Amino acid sequence: MLNIILYTFLFILSIFLIMLICPVRIQLKSTLKFEEAHINGFAHLMLGYRKRGVGINIYPEKAISFGTYHKPIYVKTLRDQSQETHEKKQTKDKKSIKEKYQFFRKIPVMQLTKSIIRSTRWEEFSLKGKLGLSNPMQTGMVFGFMNSFKGLARPQKFILALEPVFSQKMNTDVEGTMHVRFSPLVTIIQVGFTYLKFRK
C-alpha cells in the first residue's frame, strides 16, 4: 500500500515537473478601435501549447474555454460584475494597495521585468494601424517604449507599422499579435535569482 502511494506521488510529481519544463505558449490577438468613450473590436488570449490549452475571450464577450483553440471541449461564459460589486472591489483594492505600498517599494520591478522579458522567447510581435491618445505626450512616450522594446525582447518577427496621431482626442485603431514561448521552471528560477540580487 505504501509503495502504491509513493509511486503515485512520484508519477504526479514527474508530470508536474514535465509541465514546468516544457515550453508554454502565450498568444494574444486583438483588433481594437478607440474613439472617445467607444471601444470596438475583439481581444483573444491563448495560453498553453501549439494547438490546445486555455482560451480566454477578453473583449467583447468574456469567456474561458479548454481544449483545442478552434474546437474547445468546454466553454464557460463569464458574467460582468454588478456596479455595486465593482465599486466595493475598487474600494477594497485601494485599501489593499495603500497597505502593501511599503512592501511593493522593496521589489525591483524594472529588473524583474527585464528578467522575464529576456527569459521569454518572443516569436512574434506586431502592431499595425494608428495610435493616438488623449494626451500627445503620452502618445510620444508609448512610441518611444515600442522602439526600445525591439532591442530588449529581440523578437524573431517584429512589425511596428503604427501611425502616430497627436491630438487632444482619443483616436486609436490598431491590430496586434503577440506570440511568446517560455519555460515556467526556467523563468521562475531566473526571476528568483534576480529578486535576490536586486532586492532592497
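See above for the structure.
Residues numbered from 1 in each chain as written. Predicted model: local features only at pLDDT ≥ 70, side-chain atom pairs only at ≥ 80, totals over all residues. Heavy atoms only, no water.

### Digging into a nonpolar patch on the surface
Together, Leu6, Tyr7, Phe9, Leu10, Leu13, Phe16, Leu17 and Ile21 make up a nonpolar patch on the protein surface, roughly 800 Å² of accessible area in all. Tracing the sequence through the fold places Leu10 in helix 1 (residues 2-21). The exposure class of Leu10 is partly exposed, given its relative accessible area of 40%. (Patch = residues over 30% accessible without salt bridge, like charges linked within 9 Å, V, L, I, M, F, W, Y side chains within 5 Å. Areas by Shrake-Rupley, 256 points an atom, 1.4 Å probe, with all protein chains shown as cover. Salt bridge = Lys/Arg side-chain N within 4 Å of Asp/Glu carboxyl O. Helix = DSSP H or I, 4+ residues; strand = E, 2+ residues; numbered from the N terminus. Buried < 20%, exposed > 50% of the residue type's maximum accessible area, 1.4 Å probe, protein only.)

### Regarding the side chain of Glu123
In this fold, Glu123 is placed in strand 6 (residues 121-131). In this structure the side chain of Glu123 is engaged in a polar contact, spanning 3.3 Å, whose partner is the side chain of Arg181. Once residues lying within four places of it in the same chain are set aside, the contact partners of Glu123 are Arg25, Gln156, Lys157, His179, Val180 and Arg181. (Polar contact = N/O pair within 3.5 Å; in protein donor to acceptor, adjacent residues only side chain to side chain. Contact = heavy atoms within 4.5 Å.)

### Brief notes about the layout of surface pockets
Taken as a whole, the largest pocket holds about 310 Å³ of empty space. Around the largest pocket, the lining comprises 18 residues; the ones closest to its centre are Ser30, Leu127, Met146, Val174 and Gly176. Those elements that provide at least two residues to the lining of the largest pocket are strand 1 (24-35), strand 6, helix 4 (136-153) and strand 8 (171-182). Space inside the second largest pocket adds up to approximately 180 Å³. In terms of lining residues, the second largest pocket is bounded by Arg25, Gln27, Lys29, His44, Met46, Arg50, Lys51, Tyr69, His70 and His179. At the level of secondary structure, the elements contributing two or more residues to the lining of the second largest pocket comprise strand 1 and strand 2 (38-48). (1 Å grid on protein atoms, 1.4 Å probe; cavity = no way out; pocket = protein on both sides within 12 Å on 5 of 7 lines; lining within 4 Å. Points joined across faces, edges and corners; volume = space filled by probe spheres on them.)

### Let's talk about unusual backbone geometry
Note: most residues except glycine have negative phi, and most peptide bonds are trans. Omega for the peptide link from Tyr59 to Pro60 comes to 0°, which places this bond in the cis form. Turning to its location among the elements, Pro60 is positioned in the loop between strand 3 (52-59) and strand 4 (63-68).

Just distances and angles here, no functional claims.
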